[in-house]
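A closer look at the structure
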Amino acid sequence: MPSYTVIAHYRTTEADAPTVREVLSRHAAASAAEPGCVTFTAHQHADDPTRFVLYEVYADEAAFTAHRATPHFRDNIEGIVVPLLLERTWTALSTIEHRPS
């Protein structure tokens, strides 16, 4: 089944890392409950607490677009997290279907 995967990388300051962690925890729970979201997991680097990685899988690109329009995305990510970030990048990936040889 085709899917749409997004991997986001965030970097913040040491002072703001606890806030980003708390907001991402709340945001991940809300995002995982969305229709079309297959999985949404937030990670914090073990050796650098200022760095975070979000691993998101959606049924398709439309589900990702819908995710970015939700109130929790606007409130949590755009409203709280983004202003605390020093770096923010994300990559979208399409799943390659497995085919038997």
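Conventions used here
Residues numbered from 1 in each chain as written. Predicted model: local features only at pLDDT ≥ 70, side-chain atom pairs only at ≥ 80, totals over all residues. Heavy atoms only, no water. Pairing = 2+ DSSP bridges. Helix = DSSP H or I, 4+ residues; strand = E, 2+ residues; numbered from the N terminus. Phe/Tyr/Trp six-rings, centres within 6.5 Å; stacked < 30°, edge-to-face > 60°. Buried < 20%, exposed > 50% of the residue type's maximum accessible area, 1.4 Å probe, protein only. Axes fitted to C-alpha atoms, helices over the stretch in contact; angles between N-to-C directions. Contact = heavy atoms within 4.5 Å. Polar contact = N/O pair within 3.5 Å; in protein donor to acceptor, adjacent residues only side chain to side chain. Salt bridge = Lys/Arg side-chain N within 4 Å of Asp/Glu carboxyl O.

**Regarding the pairing of strand 1 (residues 4-12)**
- As defined by bridge partners, strand 1 adjoins strand 3 (residues 51-58) across eight bridges and the pair is classed as antiparallel. Bridging across to strand 3, T5 finds its partner in V57.
- Across nine bridges, strand 1 lies against strand 4 (residues 85-94) in antiparallel orientation. The residue bridging A8 from the neighbouring strand is W90, located in strand 4.

**Focus on the packing of aromatic side chains**
- Evaluated as defined, the whole model comprises three aromatic pairs.
- Each ring, one from F64 and one from W90, has its centre 5.3 Å from the other, and the planes form 55°; the classification is tilted. Here F64, found in helix 2 (residues 61-68), pairs with W90, found in strand 4; they are 26 residues apart in sequence, far enough to count as distant.
- Note on W90: relative accessible area 40%, which makes it partly exposed.
- An aromatic cluster is present here, built from Y4, Y58, F64 and W90 joined pairwise through their rings.

**Looking at the sheet that holds strand 4**
- Overall, antiparallel pairing links the four strands, which are arranged 2-3-1-4 in an open sheet. On the outer flanks of this sheet lie strand 2 (37-44) and strand 4, each paired with one strand and no other. Each strand axis lies, on average, 10° off the axis of its neighbour in the sheet, ignoring direction.

**As for the side chain of T5**
- The residue T5 is located in strand 1 in this model.
- With residues near it in sequence (within four places) discarded, T5 still touches Y55, E56, V57, T91, A92, L93 and T95.

**Focus: the side chain of H72**
- Within the element layout of this structure, H72 appears in helix 3 (residues 71-84).
- A relative accessible area of 18% means that H72 is categorised as buried.
- Within the local environment of H72, its side chain forms a polar contact with the side chain of E34, the two groups lying 2.7 Å apart.
- Not counting the four nearest positions on each side in its chain, H72 is found in contact with H27, A30, S31, E34, H67 and I77.

**Here we look at the pattern of salt bridges**
- Counted under the stated rule, the structure contains four salt bridges.
- Two residues, E22 and R26, come together in a salt bridge whose shortest N-O distance is 3.9 Å. Of the two residues, E22 and R26 are both situated in helix 1 (residues 17-32); the distance of four residues between them amounts to about one turn of the helix.
- Judged by relative accessible area, R26 falls into the partly exposed class, the value being 39%.
- Among the salt bridges present, the one from E87 reaches R51, with a minimum N-O distance of 3.8 Å. Within this pair, whereas E87 is found in strand 4, its partner R51 is found in strand 3, the two being separated by 36 residues in sequence.
- Residue E87 is classed as partly exposed on the basis of its relative accessible area of 38%.
- Under the relative-accessibility criterion, R51 is labelled partly exposed at 29%.

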